[in-house]
Amino acid sequence: MDVQRVGVLGAGVMGSGIAQVTATAGCTTVCCDVDRDAVAKAESRVTTGRYGFDRAVDRGKLSRADADAAAARLTFTTAVEDLAATDLVIEAVPERLALKVAVFRQLDEVTPRTTILASNTSGFPIAALAAATNRPAAVVGWHWASPAPVMRFAEIVRTRDTSVETVDTVCALATRCGKHPIVVRDTDTAWGFVANRVYGAMLAEARRVVDEGVATAEEVDELMVDCFAWPVGPFAMIRGATSGW
C-alpha cells in the first residue's frame, strides 16, 4: 500500500511532532485530540515551536514553500470520526494500557478495514492492542523518539499476526519520513521492546549513582554527553520526552 493519508490520535508533544513529520513527507495528515487546549497548543507547536515549520525554515532544513505546503497538508480536529478517511492511523495517547486498548477498539470501529493501525507505545505489547480489533494483521507498533521531527529512530514492532504487507508499508513510510526503520519482535515478557529496555537499565544505574552521592543528575548528564557523544544525558532525556525540548 502506498500511504497517502495519515491520521494521528493524540496531539501532545509526540503526536503533534509525528503529524508534522508525515505532513512534511507529503501525506495528507489529520491530528486528533479530544482536548481542545491540546489541539491549540499542537497547532502552535508545529508552526512556531522549537522544531516547528518556521524554525526548520530558519535552520535551512526546509524551504519556505515546502514548509507552507506541509502545513497546508496538516489539519487538527477533536472528532475521532475525522480519522476515517485514512490509510494509516498512528496512536500517540498517554501510556495507559486500558486507554490504548479502548482507543484501538474505537479506531477499529471508525476506520475502514484496510486502514493500518499503529501504536507509538513505548513498550506495551502490541498483541494486546491488536486483540481489541478485528484486524490483527493490520496492527503494528511504530515507536518514535522525541523530538519526532529530528530523531531518525523508528522501532517497528510486529506481532505473530502482523502481516508482511503491513510491516513493509510502515517501513516504507518511515523511510519516506527520513527515519531508519528496524523491525523487532513483539514480546509480553518485558516492557520496552529494545530501545526502552536498554535505556531503562541505563537509567536505573544512573539513578543509583545519584542516590549513592557519586554525582548529581546534572553531572551524570554532562558526563554521558561528553563520553559517549549522546545529544542529551539520561535525566535530560526524561525531561525532554515528557515536557518538550
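Please refer to the structure higher up on the page.
Computed from a predicted structure; not experimentally measured. (Residues numbered from 1 in each chain as written. Predicted model: local features only at pLDDT ≥ 70, side-chain atom pairs only at ≥ 80, totals over all residues. Heavy atoms only, no water.)

Observations concerning the packing of helix H1 (residues 13-24) against helix H2 (residues 36-48)
In step 1: Put simply, H1 and H2 touch, their axes get as near as 10 Å, and they point 50° apart. In terms of orientation, H1 lies oblique with respect to H2. H2 is crossed by H1, and the crossing has right-handed handedness. For the pair H1 and H2, contact is made by Val-13, Ser-16 and Gln-20 and by Ala-42, Arg-45 and Val-46, respectively.
In step 2: Of the residues that constitute the contact of H1 with H2, the class distribution is three nonpolar, two polar and one charged. (Axes fitted to C-alpha atoms, helices over the stretch in contact; angles between N-to-C directions. Helix = DSSP H or I, 4+ residues; strand = E, 2+ residues; numbered from the N terminus. Parallel < 35°, antiparallel > 145°, perpendicular 65-115°, else oblique. Left-handed = near helix turned anticlockwise from the far one by under 90°. Contact = heavy atoms within 4.5 Å. Nonpolar A, V, L, I, M, F, W, Y, C, P; charged D, E, K, R; others polar.)

So, helix H9 (residues 217-228)
In step 1: Spanning 12 residues, H9 covers 16 Å between terminal C-alpha atoms, matching the ideal 16 Å at 1.5 Å per step.
In step 2: Within H9 the residues assigned to the buried category are Ala-217, Val-220 and Asp-221. For H9, the buried positions fall inside an angular range of 100° around the axis, keeping them on one side. Across from the buried face of H9, at angles greater than 90 degrees, the exposed residues are Glu-218, Glu-222, Leu-223, Asp-226 and Cys-227.
In step 3: Of the residues trailing H9, Ala-229 is marked for its positive phi of about 60°. (Expected span 1.5 Å × (residues − 1). Buried < 20%, exposed > 50% of the residue type's maximum accessible area, 1.4 Å probe, protein only. Arc of directions from axis to C-beta.)

Interpretation note: all reported values are geometric properties and have no functional meaning in isolation.
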